[in-house]
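Inside the fold
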Amino acid sequence: MALDYDTVVAQVSNLMVVPSTDANFQTFFPGCISYAENRIYREMDLAYVQVTDASAAVSSGDRNFTLPITSSNAYSGTYITVDNLNIITPAGTLSSAGSRVPLTPVSREFIDITYPSGQVATGTPEFYAIASMNTATDQIILGPSPDGPYYAEVVGIQRPNALSSANSSTVLTQYLPDLFIAACMVFASGYMRDFGAQTDNPGMSQSWETQYKTLSQSAQVEQARAKFESEGWTSQQPSPLATPKRV
């Protein structure tokens, strides 16, 4: 069953046996959401959070390209990782009408050595390297420098906007609600001082950590199937009996 902000509040407060109207609970709860979301997003390579943006163009003669930031109701607009980068040819053509030229990720040193004069050695870019990744200017460098204003199609991971009263649903509450609640309760164990041997319930944190890891394993399999990264690079459920393994 999918959850929303109100049902998450209700379930966590019920499991903690703390009224949701309690002032301390209301202070604690945003940190609980932050812990659960960040942990799941970092530990799991979710297909749900992959975003494609082809709205920005590179500049002719300039090897620097700032990744587009297109905030929406669901995503922050800032890339955490870049999985693929395609140049759309011919120059000035939108992704819906042009042809994709996949770029190869390399080190910055490779581009500096191979294309030392960015203003002279121009052409259709073939390589890219990460120059900086921060919330202000996520920037990459291209080699060779573009010889025209090509549109760049960026495929990568973005953080969904956090769950809140103003943003009542996220991919985690929709598709991984049980895992999300378990992660919340790991954090809640610390809030309730049940995180060690001399607490009222010393096993609480470990129990929820075990539950989280159990749910995470099944979610990882589901994500591998969604991305055709399951057994034999298929979308099939891994089989403990089938031999030989799929190829």
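Structural notes, computed from the coordinates.

What counts and what doesn't
Residues numbered from 1 in each chain as written. Predicted model: local features only at pLDDT ≥ 70, side-chain atom pairs only at ≥ 80, totals over all residues. Heavy atoms only, no water. Pairing = 2+ DSSP bridges. Helix = DSSP H or I, 4+ residues; strand = E, 2+ residues; numbered from the N terminus. Axes fitted to C-alpha atoms, helices over the stretch in contact; angles between N-to-C directions. Parallel < 35°, antiparallel > 145°, perpendicular 65-115°, else oblique. Left-handed = near helix turned anticlockwise from the far one by under 90°. Contact = heavy atoms within 4.5 Å. Nonpolar A, V, L, I, M, F, W, Y, C, P; charged D, E, K, R; others polar. Expected span 1.5 Å × (residues − 1). Polar contact = N/O pair within 3.5 Å; in protein donor to acceptor, adjacent residues only side chain to side chain. Phe/Tyr/Trp six-rings, centres within 6.5 Å; stacked < 30°, edge-to-face > 60°. Buried < 20%, exposed > 50% of the residue type's maximum accessible area, 1.4 Å probe, protein only. Disulfide = S-S within 2.5 Å. Salt bridge = Lys/Arg side-chain N within 4 Å of Asp/Glu carboxyl O.

1. Overview of the sheet that holds strand β3 (residues 75–89)
Here 4 strands make up an open sheet; going across it, the order is β1-β10-β3-β4 and the pairing antiparallel. Two strands bound the open sheet, and with one partner strand each, they are β1 (50–57) and β4 (99–102). The sheet shows a mean angle of 45° between the axes of neighbouring strands, taken without regard to direction. As paired elements, β3 and strand β10 (residues 151–160) share 9 bridges and run antiparallel to each other. Bridge pairing in β10 links N84 to V155.

2. Side note on the packing of helix α2 (residues 23–43) against helix α5 (residues 177–191)
For the pair α2 and α5, the least separation of the axes is 8 Å and the interaxial angle reads 130°. Relative to α5, the element α2 lies oblique. Two packed elements cross with a definite hand, and for α2 against α5 that hand is right-handed. The segment α2 lies against α5, with N24, F25, F28, G31, C32, I33, Y35, A36, E37, R39 and I40 engaging L179, F180, A183, C184, V186, F187, A188 and Y191. Per-class residue counts for the contact of α2 with α5 are 15 nonpolar, 2 polar and 2 charged.

3. Focus on helix α1 (residues 5–16)
The end-to-end C-alpha distance of α1, which contains 12 residues, comes to 16 Å, matching closely the 16 Å that a straight helix rising 1.5 Å per residue would cover. Its side-chain oxygen at 3.3 Å from the backbone nitrogen of D6, D4 defines the N-terminal cap of α1. Positive phi appears at V17, one or two residues downstream of α1, with a value of about 60°.

4. Things to note about the sheet that holds strand β8 (residues 139–143)
Pairing in this open sheet of 4 strands is mixed, and the strands run β2-β8-β7-β5 from one edge to the other. Lying at the two open borders of the sheet, with one neighbouring strand each, are β2 (64–66) and β5 (104–105). Bridge count between β5 and strand β7 (residues 127–132): 2 bridges; the pairing is parallel. Paired with T104 across the strands is F127, a residue of β7.

5. Some words on the packing of aromatic side chains
Tallied over the full model, the rule gives 7 aromatic pairs. Here F28 and F187 contribute two aromatic rings whose centre-to-centre distance is 5.7 Å and whose plane-to-plane angle is 20°, an arrangement assigned as stacked. Taken together, the positions of F28 in helix α2 and F187 in helix α5 put the pair 159 residues apart, joining distant regions of the chain. Given a relative accessible area of 7%, F28 falls into the buried group. When its relative accessible area of 29% is taken as the criterion, F187 is described as partly exposed. With a centroid separation of 5.0 Å and an interplanar angle of 65°, the aromatic rings of F110 and F127 are classed as edge-to-face.

6. What to know about the environment of L176
Its place among the elements puts L176 in the loop between α4 (171–175) and α5. Contacts of L176, omitting those with residues within four sequence positions, involve L46, Y48, V171, A219 and E222.

7. What to know about the pairing of β8
Counting buried positions along β8 gives 4 out of 5 residues, so the element sits mostly inside the fold. One ladder, built from 3 bridges, connects β2 with β8; its direction is antiparallel. In the strand pairing of β8, T66 is matched with Q139.

8. Quick look at the state of the cysteines
Evaluated as defined, the whole model comprises 0 disulfides. The cysteine C32 is free of any disulfide, with C184 supplying the nearest cysteine sulfur at 3.7 Å. Given the relative accessible area of 0%, C32 is considered buried. On the basis of relative accessible area, C184 is assigned to the buried category, the value being 0%.

9. Quick notes on the pattern of salt bridges
Scanning all chains against the criterion turns up 8 salt bridges. Taking the shortest distance from any N to any O, the salt bridge between K213 and E209 comes out at 3.7 Å. Of this pair, K213 and E209 both sit in helix α6 (residues 204–226), 4 residues apart, roughly one helical turn. Of the charged contacts, one joins K227 and E229 as a salt bridge, the two residues approaching to 3.9 Å between their closest N and O atoms. Owing to a relative accessible area of 42%, E229 belongs among the partly exposed residues under this scheme. Through salt bridges that share partners, R39, E43, E209 and K213 make up one connected network.

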